[in-house]
Amino acid sequence: MLKHQTNARVLCLTRERMFRDNKESRAIQIDTELRSIVMGDVGVAAYCSKITTIANQLEKLSLENKIPDKNFVIYTSNGLSSRFESVAVMIRHRVPFPTFEETRSILTLEEQRLNLSCGSSSSAYTYHSSSPTLLHANGNDGQ
């Protein structure tokens, strides 16, 4: 009976060790995925949602895997597509450093601006209050 209990204990400890090892391996895999995420062709909302989902998976594995908000911002800005390059530079150098929510908001507004400018660049030029116009007046009173 003692030998059976010893074998059961060894088996239980072995399974527990394997579970912990797999948990660590999975955490490393998810962390690598999070650090190397790229935006690709998806929109800002989908990109930020993907980052949040991956981070939540990592945090579920262990409380030690709590990701600081600053890291969310770094991962987000590092993986942005080239059309957001100027905004990424601004985010990285902003003082105080923006939160993830502020970063998402900045990127969403920039995405909207880019989408509007792409739509209007193909249409005819229209005059409105922010159009760059020049009024040239000649000082010769019509002569």
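Residues numbered from 1 in each chain as written. Predicted model: local features only at pLDDT ≥ 70, side-chain atom pairs only at ≥ 80, totals over all residues. Heavy atoms only, no water.

Asker: Which residues make up the packing of aromatic side chains, and what values go with them?
Answerer: For any pair of aromatic rings, geometry is given as the distance between the ring centres together with the angle between the planes. Applying the stated rule across the entire model yields one aromatic pair. An angle of 45° between the planes, with centres 5.1 Å apart, marks the rings of Phe72 and Phe100 as tilted. With a gap of 28 residues between them, Phe72 in helix α3 (residues 69-78) and Phe100 in helix α5 (residues 100-121) connect regions that are remote in the sequence. Neither residue differs from the other here; Phe72 and Phe100 are each classed as buried. The side chain of Lys70 reaches across the aromatic face of Phe97, ending 5.7 Å from its centre. (Phe/Tyr/Trp six-rings, centres within 6.5 Å; stacked < 30°, edge-to-face > 60°. Helix = DSSP H or I, 4+ residues; strand = E, 2+ residues; numbered from the N terminus. Buried < 20%, exposed > 50% of the residue type's maximum accessible area, 1.4 Å probe, protein only. Lys NZ or Arg CZ within 6 Å of the ring centre and 35° of its normal.)

Asker: Let's hear about the pattern of salt bridges: which residues, and what values?
Answerer: In the structure shown here, the tally under the stated rule is five salt bridges. For the salt bridge of Arg104 with Glu101, the shortest nitrogen-to-oxygen distance reads 3.2 Å. Of the two residues, Arg104 and Glu101 are both situated in helix α5; the distance of three residues between them amounts to about one turn of the helix. (Salt bridge = Lys/Arg side-chain N within 4 Å of Asp/Glu carboxyl O.)

Asker: So, the confidence of the model for the chain: which residues are in play, and what are the values?
Answerer: Any residue range with low pLDDT should be treated as having predicted coordinates unsuitable for detailed reading. A residue-level look at the chain finds 70% of positions with pLDDT of 70 or above and a mean pLDDT of 81. Overall, residues 122-129 carries pLDDT values under 50, and its contacts beyond four positions in sequence, including any with other chains, amount to four contacts. (pLDDT = per-residue confidence, 0-100. Contact = heavy atoms within 4.5 Å.)

Asker: Run through unusual backbone geometry, naming residues and quoting values.
Answerer: Cis peptide bonds are those with omega within 30 degrees of zero, and the linkage from Val95 to Pro96 qualifies with -5°. Considering the arrangement of structural elements, one finds Pro96 in the loop between α4 (85-92) and α5.

Asker: Residues and numbers for α4, please.
Answerer: For α4, the full list of buried residues reads Val87, Ala88 and Ile91. One side of α4 holds all its buried residues, which, seen down the axis, span an arc of 105°. (Arc of directions from axis to C-beta.)

Asker: If you had to explain the side chain of Ser81 to someone new, which residues and values would you point to?
Answerer: Note on placement: Ser81 falls in the loop between α3 and α4. Not counting chain neighbours up to four residues away, the residues in contact with Ser81 comprise Met39 and Gly40.

Asker: Just give me the short version of the nonpolar core, but keep the residues and values in it.
Answerer: Residues Leu34, Ile51, Ile67, Leu80, Phe84 and Leu107 are the most contacted members of the largest nonpolar core, which totals 26 residues. Taken together, the elements giving at least two residues each to this core come down to α1 (2-35), α2 (44-61), α3, α4 and α5. Considering every element that reaches this core, the biggest residue donor is α2, with eight residues. Discounting chain neighbours no more than four positions away, the residues touching Ile51 are Leu34, Ile37, Phe72, Thr76 and Phe100. (Core = buried A, V, L, I, M, F, W, Y, C linked by side-chain atoms within 4.5 Å.)

Asker: Quick rundown of the environment of Arg94? Include the residues and the values.
Answerer: Here Arg94 is to be found in the loop between α4 and α5. Its relative accessible area of 32% is what places Arg94 among the partly exposed residues. If near-sequence neighbours (up to four positions away) are discounted, Arg94 is found in contact with Glu102 and Ile106.

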